[in-house]
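# Tertiary structure, described
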Amino acid sequence: MSKQSKQGLTVKKDENFSEWYPELIQKAEFADYSSVKGCMIIRPNAYSIWEKIQNYFNQRIEKLNVKNAYFPLFIPESFFKKESEHAQGFKPEVAWIENKEESERLAIRPTSETIIYDSYSKWIRSHRDLPLRLNQWGNVVRWETKATRLFLRTREFLWQEGHCIYETKEECDKETLIYLKEYKKLCEDLLAIPVIMGKKTEKEKFAGALYTTSIESFMPDGKALQMATSHNLGQGFAKAFNIKYLGKDEKEHYPWQNSWGLSTRTIGALAMIHGDDQGIVLPPNIAYNKIVIVPILFDKDKEKILKKANEIKIKLKKYNPILDIRDYSPGWKFNEWELKGIPIRIELGPKDMQKKQVTLVRRDTRKKEFVKFSNLSKDIDKMLKDIQKNLFNNASKFLELNTIYVKNMDDLKRAIKNKKLVKAPFCLNTKCEDKIKDEADGAKSINIPLDQPKSIKDNCVYCNTKAKVICLFAKSY
RNA sequence: GGGAUUGUCGGCUAGCUUGGUUUAGGCUUCGAGGUUUGGGACCUUGCGACCCAGGUUCAAAUCCUGGCAGUCCCA
């Protein structure tokens, strides 16, 4: 046996974040590398999180009259090229299939606007057909050449993409924001990750969109991570795909469209934000198994303890407890379940039996509590809610502490170097944005928060002319 | 596109400088048996590797050339 304790991870989060993260993901059995470069295997521990996100989100969008559907993985090149900005934007990362029998190449979808809108052009004839709201769950391929990272940047990933189409710009604007707010709610309520809603700059908007809104979170290593986007596509795709409807006025009109997406990337953010040196920390609302019961079995009391452990398991059924009776030492099991992030551990041994109690250990603080059998359900419920709240509060505090306002480039550069999320007055000029990126070590505009001050007194952080907005800048994933 | 660097059991690695007692060693994982079990237990035992192709040599994991694969810089 080696002398050092093998507990937790070998790399510390604070000391070497970029090695800590892949070790965390692999040891927690969230994902593994595959033999295909840039592609990963999502293992059950992480896939159950994705399923939870799917179930939650399906319920939410059903209330917004969105229906699920599925469109092909392959997109004919001619469709792909119809909207030129869109085609140009995705060009570097599209994977193609050469098709010998037919003349046309097929793109493996990097996003599905074009294949979906081809159908919309056939389905939509009258204002009575609008609005049309569809969502699909699927995979997309973006052939990254840069370094890939588990969950955060892989060549293939899972997501949902919603595609809605409306009569008026007002309706489209309004709902584009509704979906963005849904994403915020999902991140905050389910994943315990605080996010900032905002609008992307012209430079960073979706290729082919009128404008893009996003929710952004901030990682412990000082990089921003885009969690989801909602685009108002304007009428550009409608014109390119000849989607028209006859209005009440008996005239032809182009409709307005939006699209919105959230991917498995959020699982990476979840691991980064809440994880610690012991492993993953799952917010209770996203955990499938909220509890693990570890019986401490000595020969003499073995049967009594097992019986009680089973009773507890049945009593707490709604939390999907795991009863771990495998032939490992208790300490081994403690470490294993902490690595995997189960919110609460229940220990039950001879000492507990005597006192008619269990030992509860919460994953976020790892503090022990002793709870009488009779109070168990109530206390568990309270503890789970408290863990959820605590994780969100900690992440919010981190975000707040690491966001700073700057008025000039020196301060901006320093803040970026210090791994901060920077708020700065900005003129919205793309040239300034490029310069900032050049001079501040690759920091990009993150988004322009929806929450803006009533008036902006300071001048643009770069060119010192009148600033139009307060914009977020940071290095990003 | 240019440069640097690395390929050894499932994972981490020792050995390479100076070729030879190495049956390629260790830790971990995995399998079996036993003793254990309140923070990754112990003993016994088993399975398991030199990226590929040439070359140099009496002798190559080790040196040379090429290929393939990875990683990191630079443009």
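Residues numbered from 1 in each chain as written. Chains lettered and ligands numbered in written order. Predicted model: local features only at pLDDT ≥ 70, side-chain atom pairs only at ≥ 80, totals over all residues.

## Here we look at the sheet that holds strand β6 (residues 106–108)
Inclusion rule: Strand pairing is assigned whenever DSSP detects at least two bridges linking the two strands. Think of it this way: any DSSP run of H or I at least four residues long counts as a helix, any run of E at least two long counts as a strand, and we number them from the N terminus. Each axis is a line fitted through C-alpha atoms, and for a helix only the stretch in contact is used; angles between axes span 0 to 180 degrees, taken between their N-to-C directions.
Ordered in space as β4-β6-β5, the 3 strands form an open sheet in which the pairing is antiparallel. On the outer flanks of this sheet lie β4 (74–76) and β5 (95–97), each paired with one strand and no other. Taking each pair of neighbouring strands and ignoring which way they run, the sheet shows an average axis angle of 40 degrees. Note: β5 against β6, 3 bridges, orientation antiparallel. In the sheet register, Trp96 faces β6, and the bridge partner there is Ala107.

## Here's the deal with unusual backbone geometry
Put simply, the rule reads: With C-beta atoms placed from the backbone, a residue is labelled by how many other C-beta atoms lie within 10 Å of its own: buried for 20 or more, exposed for 12 or fewer, partly exposed between the two.
Backbone torsion omega between Leu130 and Pro131 reads -5 degrees, so that peptide bond is classified as cis. Note on placement: Pro131 falls in the loop between α5 (113–123) and β7 (132–141). We note that Ala192 has phi near 60 degrees; this positive angle belongs to a residue other than glycine. Non-glycine residue Lys419 carries a positive phi angle of around 60 degrees. The partly exposed category is assigned to Lys419, around which 15 C-beta atoms lie within 10 Å.

## As for the environment of Phe17
Our working definition: C-beta atoms are first placed from the backbone for all residues, and any pair lying within 7 Å is then listed as a contact.
Inspection of the secondary structure puts Phe17 in helix α1 (residues 17–27). Residue Phe17 is classed as partly exposed on the basis of its 17 C-beta neighbours within 10 Å. When the C-alpha positions of Phe17 and Met272 are compared, they lie 9.0 Å apart, and in sequence the two are 255 residues distant. With near-sequence residues (within four places) excluded, Phe17 lies in contact with Pro220 and Asp221.

## Remarks on the domain arrangement of chain A
Which entries qualify depends on this criterion: In this entry, domain limits derive from an automatic or database-based domain assignment.
When its domains are assigned, chain A resolves into domain 1 (17–274), domain 2 (291–381) and domain 3 (403–476). Summarising the inter-unit geometry, the C-alpha centres of domain 1 and domain 3 are found 27 Å apart. In this assembly, 17 residues from domain 1 lie in contact with 17 residues from domain 3. When residues of the side of domain 1 that touches domain 3 are traced back to their parent elements, those giving at least two are β9 (196–199), β10 (211–218) and β11 (223–234).

## Topic: the sheet that holds strand β16 (residues 322–323)
On the basis of which strands lie adjacent, the open sheet formed by 5 strands has the order β16-β15-β17-β18-β19 and mixed pairing. With partners counted over all chains shown, the strands left at the sheet margins are β16 and β19 (368–372), one partner each. Bridging between strand β15 (residues 291–295) and β16 involves 2 bridges; their strand directions are parallel. Following the sheet pairing, Val292 is matched in β16 by Ile322. Packing of helix α10 (residues 330–340) onto the sheet brings it into contact with β15 and β17 (344–348), and relative to β15 it is tilted by some 170 degrees. Seen against the sheet, helix α12 (residues 376–401) touches β15, β17, β18 (357–362) and β19 and runs at an angle of roughly 5 degrees to β18.

## Digging into the confidence of the model for chain A
As a reminder of what qualifies: Here pLDDT means the predictor's own confidence in every residue, given as a number from 0 to 100.
On average, residues of chain A carry a pLDDT of 93, and 97% of them reach 70 or more. Across residues 1–6 the pLDDT falls below 50, and counting only partners more than four positions away or on other chains, this stretch makes 0 contacts in the model.

## Let's talk about the nonpolar core
The line we're drawing: Think of a nonpolar core as buried Ala, Val, Leu, Ile, Met, Phe, Trp, Tyr and Cys residues, each tied to the set through C-beta atoms within 7 Å.
The biggest cluster of nonpolar side chains holds 94 residues, and the ones touching the most others in it are Ile25, Tyr183, Ile193, Leu412, Val422 and Phe473. Counting residues per element, this core draws most heavily on α12, which supplies 7 residues. Residue contacts for Val422: discarding those within four places in its chain leaves Ile404, Val406, Leu412, Ala415, Ile416, Leu472, Phe473 and Ala474. One finds Ile116, Tyr117, Ile165 and Phe206 within the second-largest nonpolar core, a separate group that totals 17 residues.

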